[in-house]
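Results of the structural survey
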Amino acid sequence: MITAGIDVGSISAKAAIIEDNKLLGARVILTGYNAQNAGRQVFDQILSELDLTASRIKRIVATGYGRNSIQFADKAVTEITCHAAGGIFLNPAIRSIIDIGGQDSKAIVIDKNGRVQNFSMNDKCAAGTGRFLEVMARALEVDLDAFGELSLHADNTASISSLCTVFAESEVISLISKGAKRENIIAGIHASIASRIMAMGERIGIIPPVMMTGGVAKNIGVVKALEEKLNTPIIVSEYAQENGAIGAALIASKI
Amino acid sequence: MTTMEKIKDPEKEKRKIKSDKKIRAIMTAYYMEAKTPKEITGKKIAWITSGGPVEPLHVMDVIPIYPENYGAMIGASKMGVGLCEKSEQMGYSSDLCSYARADIASAIVNGGPIGGLPAPDMLICCNNICGTVLKWYEVQARYFNVPLFILDTPICHTEFNPDMKRYVTAQIKEYIALLEKICGKPFDYDRMKEVGRLSVQGQRLWQEILDTTMNRPAPMTCFDAFFHLAMIVTLRGTQIAVDYYESLLQEMKERIAQGIGMIAEEKYRLVWDNIPVWYRLRWLSDKFAAHSACLVADTYTSGWCGTMKYLDENDFLGSLAEMYTRIFLNTGTDIMADNIIEMVEKYEADGVVFHSNRSCKPYSLGQYDIQRLIKEKVGIPTLMIEADMTDERSFSESQVETRIDAFIEMLQ
């Protein structure tokens, strides 16, 4: 049986196709202003990439912020449940997931079957999320993709204390004007994200092994900062960003 | 009206609580009397905090007015943001309680759904619910230039002791002396006994109504309790409240007998903590109902009957201190957690929903610890929703929706 998962997030839309518990493929595009369109587009693209027709897809589960706008899906499931299902599929050993997406971050504790035991989400504020990193990258005139690598060359991590994206940006600007090294500022940004995530994780008592998912998992600097704060290695799959869509496709095969 | 609009969903009609109309009428009459010029009613008006001892006011024929009840009405009418903004223009911080902000602004612009509250002749402020009320009522005392009585109730972190009782009881005497002075007549202690008896009776009925949700399916949810609560707050100690709650209890008993639940197919039973999100009551109620989840109990509406066990019906004035000092919000986190756990067990709840209320610090402060204690002691899942009771600017629909959806998926 072939099933699909579509994860429409605030920044990117993801689709994954599963056949009999095997991942056939996954794809990521930018969401843009129309969530419904993005869901359709990413689904069409993965189908053509895999040389499949929509009629062969038995069921579709939509997830992410745009989950309720995907009318061609059979069911909408939250990204929390989907990330748990995807995470345990990609690595059956994991017991916790840290998911940092475009506009929110979550810590999820799961049992050995991939069922959610507990979760916490950032309060309604984008600090410490993908959008936060985008704002910072713009302020520092650095390509976001280079962020992670640059931060590894820091020699003195800067201190960013504000919990608000806008205020943190002005802190960054003041650090720039004081002549702080770009690498150190970026490392400081990553450390501030890690601190926020740690507080969220501790609140629900995250258990290792910990996997990180979501677009921000591609940032090695954040991963390293989190490993340091949580004092545990963090598993990052090559499908970190598509993990929610993969979980959705798996759930679709079980309903 | 077109024919289409006249067709009502029989399923929905069946579930509607018939007493809704009655309480609307009583509350309208209550506010109409309060807004009628004093020369006609001959009654003085006291503004009082939600946890304040209202019974002596009824004894003296003073109309009690609750700015917090009005705050709830402002929130439910989605007029909170405008009034909060007005108070912020006046210089009040957006970090202050939104009831306080809305009330302070409403007094100036005669705002809110009934065009402002009738001006007070006195202010009765009891700090058993929070510390904000002290400054809030001081502001209003200056604005209206009327006497302010402060009833200081020490926090019962772990216990209530005889010193506390003496301290609070002494203040009750001062309260009565002040009422005699303002009203220009002696306090009628016989009438106090009667009002006290009615207060106990009302609280007992209210508790019985809340307890009807022990039944499966529950005949009402906490969203209904949020609405029917108005009278035990404002008219506690009157025959009107007793009569109304007798009829509401009767209706609940009939619903149980007929097997009418508020949620079509009740699957999950949950407990709510904190003040309601007034401007999103319908949305939240529909959201939980869509998941077949019934909010069977809450720490908020039970606040107006939770301490009646400390009341001595035959010595109302003597036991009043203990009842008003030991209310939920005036206790320590451990006691609060025990209270919630007791509710979970009594109403057989599957989970607890916490509203982390930006406005209400004493209510929200210990919630993470309470979550942990619930997990340790009863092992059921809990959910945290961040919002504000009146200020819509602190509510993010998609954030709250994802949390509720994920919480229900966790219960499945």
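Residues numbered from 1 in each chain as written. Chains lettered and ligands numbered in written order. Predicted model: local features only at pLDDT ≥ 70, side-chain atom pairs only at ≥ 80, totals over all residues. Heavy atoms only, no water.

Some points on the overall build of chain A
For clarity, the cut-off: The numbering of helices and of strands both runs from the N terminus, where a helix is a DSSP run of H or I of at least 4 residues and a strand a run of E of at least 2. To get the radius of gyration, use the C-alpha atoms; to get the globule rule, take the number of residues to the power 0.38 and multiply by 2.2 Å. Between buried and exposed lies partly exposed: a residue is buried under 20% and exposed over 50% of the maximum accessible area for its type, with that area taken using a 1.4 Å probe on protein chains only. Throughout, a contact is declared for two residues whenever any of their heavy atoms are within 4.5 Å.
Across its full length, chain A carries eight helices and ten strands. The C-alpha atoms of chain A give 18 Å as radius of gyration, which agrees with the globular expectation for 255 residues (18 Å, within 12%). For chain A, the C-alpha atoms occupy an extent of roughly 60 × 35 × 30 Å along the three principal directions. Across the 255 residues of chain A, 55% fall into the buried class. Contacts in chain A between residues far apart in sequence, at least 24 positions, make up 64% of those at least 6 positions apart.

A look at the interface of chain A and chain B
In plain terms, the rule: For this document, the term salt bridge refers to a Lys or Arg side-chain nitrogen within 4 Å of an Asp or Glu carboxyl oxygen. Any N or O atom pair separated by 3.5 Å or less is treated as a polar contact, with the protein-specific requirement of one donor-capable and one acceptor-capable atom, and with residues adjacent in sequence counted only for side-chain atom pairs.
Counting residues at the interface gives 21 residues for chain A, matched by 19 residues for chain B. The tally of links between chain A and chain B comes to one salt bridge. The residue Asp 405 of chain B makes a salt bridge to Arg 67 of chain A at a minimum N-O spacing of 2.7 Å. Where chain A meets chain B, there are eight residue pairs in polar contact (both at pLDDT 80 or more).

Brief notes about the pattern of salt bridges
Counted according to the given criterion, the structure contains 38 salt bridges over all chains. A salt bridge links Arg 40 of chain A to Asp 44 of chain A, with the shortest nitrogen-to-oxygen separation between them at 3.8 Å. You can see Arg 40 of chain A and its partner Asp 44 of chain A sitting in helix H1 (residues 35-49), four residues apart, about one turn around the helix. The exposure class assigned to Arg 40 of chain A is partly exposed, which follows from its relative accessible area of 34%. Note that Arg 358 of chain B is salt-bridged to Asp 95 of chain B, the shortest N-O span being 2.6 Å. Here Arg 358 of chain B, found in the loop between strand E7 (351-357) and helix H18 (361-364), pairs with Asp 95 of chain B, found in the loop between helix H7 (80-89) and helix H8 (98-109); they are 263 residues apart in sequence, far enough to count as distant.

A look at helix H8 (residues 243-252) of chain A
All names here are of chain A. Counting buried positions along H8 yields ten of ten residues, so the element is predominantly enclosed. All of the buried residues in H8 are Asn 243, Gly 244, Ala 245, Ile 246, Gly 247, Ala 248, Ala 249, Leu 250, Ile 251 and Ala 252. Those residues of H8 that are buried are in contact with strand E1 (2-8), strand E2 (12-19), strand E3 (22-30), strand E4 (59-63), helix H2 (79-90) and strand E9 (210-213).

Quick word on the packing of helix H17 (residues 333-346) of chain B against helix H19 (residues 367-377) of chain B
All names here are of chain B. This is how the line gets drawn: Lines fitted to C-alpha atoms define the axes, with helix axes restricted to the stretch in contact, and inter-axis angles between N-to-C directions lie between 0 and 180 degrees. Here the word oblique covers every angle except those under 35 degrees (roughly parallel), over 145 (roughly antiparallel) and from 65 to 115 (roughly perpendicular). A clockwise turn of the near helix away from the far one marks a right-handed crossing, whereas an anticlockwise turn of less than a right angle marks a left-handed crossing. Basically, the charged four are Asp, Glu, Lys and Arg, the nonpolar ten are Ala, Val, Leu, Ile, Met, Phe, Trp, Tyr, Cys and Pro, and anything else, Gly included, counts as polar.
Running from amino to carboxyl end, H17 crosses H19 at an angle of 50 degrees, the nearest separation of the two axes being 9 Å. With respect to H19, the element H17 is oriented oblique. In this structure, H17 meets H19 at a crossing whose hand is right-handed. Taken together, the residues of H19 that come into contact with H17 (itself represented by Thr 333, Asp 334, Met 336, Ala 337, Asp 338, Ile 340 and Ile 341) are Asp 369, Ile 370, Leu 373, Ile 374 and Lys 377. Counted by class, the contact of H17 with H19 contains seven nonpolar, one polar and four charged residues.

Remarks on the sheet that holds strand E8 (residues 382-387) of chain B
All names here are of chain B. Our working definition: Whether two strands pair comes down to DSSP finding at least two bridges between them.
In spatial order, the strands read E6-E5-E7-E8; together these four strands make up an open sheet with parallel pairing. Edge positions in the open sheet fall to strand E6 (293-298) and E8, since each of these has one partner strand only. Going across the sheet, the axis of each strand differs from the next one's by a mean of 30 degrees, ignoring polarity. Sheet topology note: the E7/E8 ladder contains six bridges and is parallel. Of the residues in E8, the one forming a bridge with Val 352 is Thr 382. Along the sheet face, helix H15 (residues 281-290) touches strand E5 (268-273), E6 and E7 and points at about 125 degrees away from the line of E6. Sheet strands touched by helix H20 (residues 397-411): E5, E6, E7 and E8. Its angle to E8, the strand with the most contacts, is close to 175 degrees.

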